[in-house]
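# What the coordinates show
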Amino acid sequence: MARSRRALKSLIEGPEFSFRNIVRSYTARFFCEHPSPRLSAKPAIPPFGVLLDIDGVLVRGRKPIPGAREALEMLRQSEVPTVFLTNGGCESEKEAAERLSDKIGFEVREEQMVLSHTPLKMFDWLHNKHVLVSGQLNIKEIVKGYGFRSVSDIEDIRRAYPLLDMVDRERRFKPVRLGTPPEELPPIEAILLLGEPVRWETHLQLIIDILVTNGNLLSISQSPCKKRIPVIAANTDLIYMSEVPLPRFGHGAFLLNLEVLYKKLTGQELVYAEFLGKPFISSYKYAEHCLYQSSGSSRGQIKSLYAVGDNLDTDIYGANMCNEYLKAFHESSGSGTENQLRDLTSHQEKHSAVEWSPEVKSIESILVQTGVSLPSDNNLTTNEGARYLHRDLDFQPRFRRAKHVVENIADAVELILKQEQECS
């Protein structure tokens, strides 16, 4: 750890730290060796970007990981386009940016923050529907801020149908503050599962009630229709790393309970219309958009990305899967790889408002050892790793292997800048 911090300090204070200086020194050397060619225009911003996970990479719970602030300072001084790509949620991008800034002592801007549910801004096909949102804190107001015009949460449903919430004997049959009368509550037209709730039993019961009545709780029908209301899930992480040494259950654990109960009751699989968050393509699509918006880069200027994370089953798997998608996309040009693209995006991108035509050509995955996954996990080549992934992902062991494994975020940034310097 001390070595990494000294290396960071020497890079920051050294004469060739900035990417601009790297380009300048390379240009001078080029003219000494090749006096006749013309000089091409120097890019104002580096032609690469960085996607940083947060939990397990920059912080552990409330505590910053040593070297995090210095690593971000390196990226800032080098003017590297940087986005914070996390599966966290149930808060606004502004709140997340302020909270991270306070923890690590480094200013993070709202426009750099991509939470698991941030890509919902693109889903304008849902914005006029009456949606149920599941999560906690102020998730209902956050969704409205994305452009959704009619939003209800579980408490709205419980107030309209108080007798449906029967598990807690302290609340059973007790009067509930009146909300919208059932006959005036519009049918639910879509369900947004955006984060683990506080009262799992209430959410599990009422969400399944909505599913089996196809959104109309006044209906006497109790079996799923052929045409089902769309269900969108953000953040399928089964576990995540906080301050304690043992991983904690994430939203994926709640989804697993919902799927098992739904199948047990109906005999059918719960079908999702969309997935958000890593490792799904939608997050990387929106991250590329944010890289251009937050850095002021022109379209096509960013050629490659580095994705730094601590979780093989989300950060690394997603980056590697997206890298294969990018290769297939740029190689296709109508030449027969459309089936491969479809396979990589099954259960994804069916209704998104924005068609993704990525300018980025590649993503390199970097695993840090300060979070969920251990270096030994990176060597698993069997289906052992599939147990942590969501059931709807077609598990590919090769996607679970990071291209680079380093000790911490400081080493990751040092690797990125040195690699780009060598390529200059």
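By the naming in an unreviewed UniProt entry, the protein chain goes by Cat eye syndrome critical region protein 5 and is assigned to Porites evermanni.

Its volume calculated, the largest pocket comes out at about 760 Å³. Lining the largest pocket are 39 residues, and of these Asp 55, Gly 88, Gly 89, Arg 99 and Tyr 240 lie nearest its centre. Elements with a minimum of two residues in the lining of the largest pocket: α4 (93–104), β10 (239–240) and α10 (312–332). The dominant element in the lining of the largest pocket, judged by the number of residues it contributes, is α4, at 4 residues.

Side chains of a nonpolar character, in soluble globular proteins, are inclined to be buried together. Judged by nonpolar contacts, the single largest core of 38 residues is most densely connected at Leu 51, Leu 120, Val 143, Phe 148, Leu 192, Leu 194 and Ile 363. At the level of elements, β4 (82–85), β6 (130–134), α5 (139–145), β8 (190–193), β9 (231–234), α9 (281–295), β13 (304–309) and α10 are the ones that each hand at least two residues to this core. In terms of residue count, α9 provides more of this core than any other element does, 7 residues in total. Apart from residues no more than four positions distant in its own chain, Leu 194 is found in contact with Cys 90, Ser 116, His 117, Leu 120, Val 133, Ser 134, Ile 139, Val 143, Ala 234 and His 251. Core analysis: the second largest hydrophobic core is formed by 34 residues, Leu 217, Leu 258, Met 321 and Phe 395 among them.

Bringing unusual backbone geometry into the picture now. A cis amide bond links Lys 278 to the next residue, Pro 279, at an omega of 15 degrees. With respect to the helices and strands, Pro 279 occurs in the loop between β12 (274–276) and α9. A positive phi angle, near 55 degrees, is found at Leu 137, a position not held by glycine. Positionally, Leu 137 belongs in the loop between β6 and α5. Although it is not a glycine, Asn 214 adopts a positive phi angle of roughly 55 degrees.

So, on to the packing of aromatic side chains. Applying the stated rule across the entire model yields 7 aromatic pairs. Between Trp 200 and Phe 254, the ring centres sit 5.4 Å apart and the planes meet at 80 degrees, which makes this aromatic pair edge-to-face. With a gap of 54 residues between them, Trp 200 in helix α7 (residues 200–212) and Phe 254 in helix α8 (residues 251–266) connect regions that are remote in the sequence. Judged by relative accessible area, Trp 200 falls into the partly exposed class, the value being 26%. Looking at Phe 254, the relative accessible area reads 0%, which means it is buried. A connected cluster of aromatic rings, assembled from ring pairs, spans Tyr 272, Phe 275 and Phe 280.

This next bit is on the sheet that holds strand β7 (residues 150–153). The strand order across the open sheet formed by 5 strands is β7-β6-β8-β9-β12, and the pairing between neighbours is parallel. Taken across any chain shown, the strands that pair with only one partner, and hence form the sheet edges, are β7 and β12. When the angles between neighbouring strand axes are averaged without regard to direction, this sheet yields 20 degrees. The pairing of β6 with β8 spans 4 bridges and is classified as parallel. Residue Val 131 lies in a different strand from β8, and its bridge partner there is Ala 190.

Glancing now at α8. Since the α-helix packs 3.6 residues into each turn, any two residues three or four apart lie on the same face. Under the 1.5 Å per step criterion, the end-to-end length of α8 is 22 Å for 16 residues, consistent within 8% with the ideal 22 Å. Within the span of α8, buried status applies to His 251, Gly 252, Ala 253, Phe 254, Leu 255, Leu 258, Glu 259 and Tyr 262. Structurally, α8 contributes buried residues whose contacts are with β6, β8, α7, β9 and β11 (248–249). The first or second residue beyond α8 is Gly 267, which carries a positive phi of 75 degrees.

Rules used throughout
- Residues numbered from 1 in each chain as written.
- Predicted model: local features only at pLDDT ≥ 70, side-chain atom pairs only at ≥ 80, totals over all residues.
- Heavy atoms only, no water.
- 1 Å grid on protein atoms, 1.4 Å probe; cavity = no way out; pocket = protein on both sides within 12 Å on 5 of 7 lines; lining within 4 Å.
- Points joined across faces, edges and corners; volume = space filled by probe spheres on them.
- Helix = DSSP H or I, 4+ residues; strand = E, 2+ residues; numbered from the N terminus.
- Core = buried A, V, L, I, M, F, W, Y, C linked by side-chain atoms within 4.5 Å.
- Buried < 20%, exposed > 50% of the residue type's maximum accessible area, 1.4 Å probe, protein only.
- Contact = heavy atoms within 4.5 Å.
- Phe/Tyr/Trp six-rings, centres within 6.5 Å; stacked < 30°, edge-to-face > 60°.
- Pairing = 2+ DSSP bridges.
- Axes fitted to C-alpha atoms, helices over the stretch in contact; angles between N-to-C directions.
- Expected span 1.5 Å × (residues − 1).

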